[in-house]
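This is what each chain is made of:
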Amino acid sequence: MLKLDAVAKIYKVGAFGGRTLTAVDDVGFEIRSGEVVSLIGESGSGKSTVGRMVLGLTAVTRGSITYDGADIATLPRKAYYRSVQGVFQDPFSCYNPVFKADRVFRMIKEEYFPRVAAPEWDAKIEESLDDVRLNPAQVLGKYPHQLSGGQLQRLLIARALLLDIKFLVADEITSMLDASTRIDVLNLLADLKSRGLGVLFVTHDLSLGNYVSERTVVMHRGHVVEMGLTDKVFTDPRHPYTAKLLSSVPQLTTKWDDTPAVPLDILDYGAAALVEVEPGHLVRQEQSLRSVN
Amino acid sequence: MGLRVNDLKVYYQTLRGEVKALDGVTFAVGDGEILGLAGESGCGKTTLGKSLIRMDGRMRHTGGTVELDGAELPIGDDRRMNRFRFSEVSIIPQYAMSAMNPTRKIGKMVADLLESRGLRYRNLAGELERRLDLVELPREVLGSYPLELSGGMKQRMVMVISTLLDPSLLIADEITSALDVSTQKAVARTLVGFRDRGFVRSVIFITHDISLTYQIADTIMVMYAGKVAEKARADVIVNAPRHPYTKLLISSLPEVGVRYADRKLAGIPGSPPSLLDPPTGCRFRDRCPLAHDKCAEEPPAVEVEPDHFVACWKA
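In this text, all values refer to a predicted model and were calculated from it rather than measured experimentally.

Here we come to the interface of chain A and chain B. Residue-level contacts link 30 residues of chain A with 30 residues of chain B. Among the elements that take part in the side of chain A that touches chain B, helix H7 (residues 179-194) of chain A stands out by supplying six residues, more than any other.

So, in structure tokens, the structure goes:
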């Protein structure tokens, strides 16, 4: 289990680091095996920073992230990455253009499995390509420019699976893909989930979060404003920000003209606390500083 | 009168040959109409938008005609086209962030722009300020640098500049794809407001997001591999599509208001054909579940109902 406990990230900014910027504050939730948690927020909400902290790419300023009870800051990096891996937005820039795309597999072998025999390794590669529904003949030995975005993105997930990971941080993994292939990658996540993988699905697209996840965490300006079961959060949003987001999403079932606009006041999350409005459904109760419409 | 595009062909010159990015596209946009142009990457939607205002060096106008308000647009002639740009045909670029000169104050930049068209800033300043009020931008933005504005503000500023001379045709290419959902809604609705107030007469709204197009467009045109697959009223495209590609595309979109407990959506297997050497006949044939022998011939665009055009033998 991955657990975030009152995690904060404070950057020093200004010429001599004289000022501070709180990018993430008081974020706490957990991801269990076999569960997809979507982390939803607009740009600047701190959602990607949370993803990067879980992956150990950015240090935590306050609070802690634990994996099976051990603080990830104290865990040996290599051992941690055997269990937790990340896949990011842009599959095109993740590959070295002059190397064949499947070289990422060989790098994994050299780094983590130097003693595995070649035939055994090939079987393992085939198995993980099968898991992401790629045909080995179509992708092995190809250069990145010969493969489509969806294929490259799935190749990166296959690479993560080679390590027998337990958790995957998926940061906007479908935003560079076309609508017709995007859904395949989402279905793939659902498949992997049913086999015990835990996924932190970071996205700005509410419809994708609604499709893949069991639980949803909504962030705004570095704070968790609402979290709970995806069904509950999406059908009965209790926080005005969540309601605002949901009313702004373009849908094929309703038109904007038919739904009332949701006003959002300027909110100060400073000292507000998360309150459990029903079991497992937490909402931040802050004071409204100023009304706007 | 609006825009009439007839059998337009625009090819890209590359070292490996001609890429047939637009291969015989015919459609019309009426006065006061917002046409949503949807499709996946590489379908030719951006090429179409660019051809109507400015072709880049690799693009060649190989055939077909474009008429705006009854007069022919010389789209293949960069110089002659200049007379129409900004005043008759205008564009809101995708990246408003980089569309404005970072070293000039916004007001100064607008003045430069108008001067280049032989117009006086002074004569238009009142109208400019009125429109800033309309999109809820403070008048002070004219004295600030683009750097000082947020993404949504910049996008709205660029919209005001692009439409300042009341162009007949406005091309909006993926104008909201870099914005957050709440800003996206505001920007998209501003565009509709511009049309309602007559700042622009017709709009071509290019996006990959069909749900967004559905919110604001009157008509949606779906393109596939350089050709028009289907064109109809927005609600017809969404609720009663006839082309198999449109059907599959719409059924692959996850929605916010729907619960997906155990129901899975399916994508479209395969990928679009290479436009360097496109297949004969229907270009969607390889991925189409309904494909049959007839599809080796190219399907004509047939008006199956009034204003509903479909290019498919099975429609």
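A few words now on the sheet that holds strand S9 (residues 219-224) of chain B. Residues and elements named next belong to chain B. With mixed pairing, the eight strands of this open sheet are ordered in space as S6-S7-S8-S3-S9-S10-S12-S11. In this open sheet, the two edge strands, each paired with only one partner strand, are strand S6 (89-92) and strand S11 (302-305). Averaged over all neighbouring strand pairs, the angle between strand axes comes to 25°, with direction disregarded. Judged from the five bridges that link them, strand S7 (residues 169-173) and strand S8 (residues 202-207) form a sheet pairing that is parallel. Looking across to S8, one finds that alanine 172 is bridged to phenylalanine 205. Sheet strands in contact with helix H5 (residues 151-162) are S6 and S7, and its direction is about 175° off that of S6.

Residues and elements named next belong to chain B. For phenylalanine 86, which is not glycine, the phi torsion reads 75° and is therefore positive. Within the secondary structure, phenylalanine 86 sits in the loop between helix H2 (78-81) and S6. The phi torsion at glutamate 174 lies on the positive side, around 50°, for a residue other than glycine. Summarising the element assignment, glutamate 174 is placed in the loop between S7 and helix H6 (181-196). Using a count of 19 C-beta atoms within 10 Å as the deciding quantity, one classes glutamate 174 as partly exposed.

Moving on, we come to the sheet that holds strand S4 (residues 59-68) of chain B. A sheet is described by the order of its strands in space; here four strands give the open sequence S2-S1-S4-S5 (chain B), paired in antiparallel fashion. Every interior strand has two partners, whereas the edge strands, strand S2 (17-29) and strand S5 (71-72) of chain B, have only one.

What follows concerns the pairing of S4(B). Residues and elements named next belong to chain B. Judged from the eight bridges that link them, strand S1 (residues 3-14) and S4 form a sheet pairing that is antiparallel. Residue pairing across strands places tyrosine 11 opposite arginine 60, the latter belonging to S4. As paired strands, S4 and S5 are joined by two bridges and run antiparallel to one another. From the neighbouring strand, glutamate 67 faces S5, where its bridge partner is glutamate 72. Counting the residues in the hairpin turn of S4 and S5 gives two residues, including aspartate 69, whose phi is positive at 50°.

The rules we used
Residues numbered from 1 in each chain as written. Chains lettered and ligands numbered in written order. Predicted model: local features only at pLDDT ≥ 70, side-chain atom pairs only at ≥ 80, totals over all residues. Contact = placed C-beta atoms within 7 Å. Helix = DSSP H or I, 4+ residues; strand = E, 2+ residues; numbered from the N terminus. Pairing = 2+ DSSP bridges. Axes fitted to C-alpha atoms, helices over the stretch in contact; angles between N-to-C directions. Buried ≥ 20, exposed ≤ 12 C-beta atoms within 10 Å, placed from the backbone.

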